[in-house]
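Single-letter residue listing:
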Amino acid sequence: MSETKQIGGGAPCHVAIIMDGNGRWAQRRFMPRVEGHRRGVQSVRRVIEAAAKRGVRYLSLFAFSSENWRRPPEEVSALMKLFATALHKEAQAMLEHGVRLRVAGDLTAFSEEIQQSIRKSEALTEHCDRMVLTVCANYGGRWDVVEAFKNILKRHPEVAAHPERITESLIDENLAFDWAPPVDLMIRTGGEQRISNFILWQAAYAELFASPTLWPDFDETDLEEALNWYSRRERRFGMTGEQIQALGEDK
Ligand code: IPE
Ligand code: IPE
Ligand code: MG
């Protein structure tokens, strides 16, 4: 099992962040919610740099959930505009930092212009190998699992007559970001302690860190705190603490 390689904390290979609290950040300042989202983009930039510096290899950011369409139409359209502008602006910076950009989610719901901009930014940074940044847009953990089953049946139609051929690794390979290893550390900012349909399957053994900091205020120090907390966790993967200690001594 690939997870056993990451026993004993250390540095997480895959960090996923639920960037929450933009609205509250703005409301506390008597500003429109969208101002919080705008400031949130600056945190994204800071955190990408900080994570790459700390040696994180995969960073996945929840930008827009499949449930966020339920928000007032003005907020949804402001978020779309911000997303399009940020993609355009940040792709060049990512290239300079050696960060490969990928986008995961149901992209068919986005305008043709945004879809094109996504493809362009992904192609521009295709060769970058310092860190893979996955922006999850119109993403939902349940959507991802449903799509994986559809993909399995499309790519391997024989499975319909042989359900015993469905394995965990077959599901892994057919998920939206089949390029990333399981999530080691999931951070949620803004104080809430829920997953809100973010990565489900690949986060089965993720350590969960709830930061009280609202996303627009989240900086290098907050990330550092989460990473230090993670390094002290004992990941057991179903075993006992004694077994884990023994494995550590064998190394
Ligand atoms: C997260 O901040 C950003 C998105 C969901 C796009 P929120 O907008 O959810 O902020 P709060 O939770 O209302 O403060
Ligand atoms: C989760 O935050 C989605 C993103 C951060 C993109 P929400 O603010 O939408 O989550 P809930 O609705 O409070 O659970
Ligand atoms: Mg929220």
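The coordinates are above.
Where charged atoms from two side chains of opposite charge approach closely, those side chains can pair. For the structure on display, the rule yields 16 salt bridges. Arg24 is the partner of Asp20 in a salt bridge, and the nearest nitrogen-oxygen pair spans 3.2 Å. A residue is classified by how much of its surface remains accessible, and Asp20, at 17% relative accessible area, is buried. One salt bridge connects Glu192 with Arg194, and the closest N-O pair in it is separated by 3.4 Å. One network of salt bridges, with partners in common, ties together Asp20, Arg24, Arg188, Glu192 and Arg194.

Now for the sheet that holds strand 6 (residues 207-210). Taking strand neighbours across the sheet as the criterion, the six strands line up as 3-4-2-1-5-6 in an open arrangement whose pairing is parallel. Of all the strands in the sheet, the pair left with one neighbour each is strand 3 (99-104) and strand 6. The sheet shows a mean angle of 20° between the axes of neighbouring strands, taken without regard to direction. Here five bridges tie strand 1 (residues 14-18) to strand 2 (residues 58-65), and the two strands are oriented parallel to one another. Of the residues in strand 2, the one forming a bridge with Ile18 is Phe62. Taken strand by strand, helix 3 (residues 73-97) contacts strand 2, strand 3 and strand 4 (131-139), and its axis lies near 155° from that of strand 3.

Bringing the pairing of strand 2 into the picture now. Counting buried residues in strand 2 gives six out of eight residues, a clear majority hidden from the surface. Bridge count for strand 2 against strand 4 is seven bridges, and the pairing is parallel. Following the sheet pairing, Ser65 is matched in strand 4 by Tyr139.

Residues in close proximity to ligand 1 include Met19, Asp20, Gly21, Asn22, Gly23, Arg24, Arg33, His37, Ala63, Asn68, Arg71 and Leu79, which together make up its full environment. The contact in question runs from an oxygen atom of ligand 1 to an N or O atom on the backbone of Gly23, over 2.9 Å. Burial of ligand 1 by the surrounding chains reaches 87%, relative to a free accessible area of 380 Å². Put simply, the parts of the chain that give the shell around ligand 1 at least two residues each are helix 1 (22-28) and helix 2 (33-53).

Pairs of aromatic rings are described using the distance from one ring centre to the other and the angle between the two planes. In total, this model carries twelve aromatic pairs according to the counting rule given. Seen from their ring centres, Phe177 and Trp179 are 5.9 Å apart, and the 35° between their planes marks the pair as tilted. Ring centres of Tyr205 and Phe237 lie 5.0 Å apart, and the angle between their planes is 55°; on these two criteria the pair is classed as tilted. Separated by 32 residues along the polypeptide, Tyr205 in the loop between strand 5 (185-188) and strand 6 and Phe237 in the loop between helix 7 (220-231) and helix 8 (241-250) bring together distant segments of the chain.

Below, the discussion takes up the nonpolar core. Across soluble globular proteins, nonpolar side chains show a tendency to be buried alongside one another. Ranked by internal contacts, the top residues of the largest apolar core, which has 38 residues, are Ile17, Leu59, Phe83, Leu133 and Ile187. The next biggest cluster of nonpolar side chains, apart from the first, holds 14 residues, and it includes Phe177, Met186, Phe198 and Ala203.

Only one face of strand 6 is buried: it carries Glu207 and Phe209, and the other face, with Leu208 and Ala210, is open. Note: strand 5 against strand 6, four bridges, orientation parallel. Residue pairing in the sheet places Leu185 in a bridge with Glu207 of strand 6.

Parameters and conventions
Residues numbered from 1 in each chain as written. Chains lettered and ligands numbered in written order. Predicted model: local features only at pLDDT ≥ 70, side-chain atom pairs only at ≥ 80, totals over all residues. Heavy atoms only, no water. Salt bridge = Lys/Arg side-chain N within 4 Å of Asp/Glu carboxyl O. Buried < 20%, exposed > 50% of the residue type's maximum accessible area, 1.4 Å probe, protein only. Pairing = 2+ DSSP bridges. Helix = DSSP H or I, 4+ residues; strand = E, 2+ residues; numbered from the N terminus. Axes fitted to C-alpha atoms, helices over the stretch in contact; angles between N-to-C directions. Contact = heavy atoms within 4.5 Å. Near = heavy atom within 4 Å. Polar contact = N/O pair within 3.5 Å; in protein donor to acceptor, adjacent residues only side chain to side chain. Areas by Shrake-Rupley, 256 points an atom, 1.4 Å probe, with all protein chains shown as cover. Phe/Tyr/Trp six-rings, centres within 6.5 Å; stacked < 30°, edge-to-face > 60°. Core = buried A, V, L, I, M, F, W, Y, C linked by side-chain atoms within 4.5 Å.

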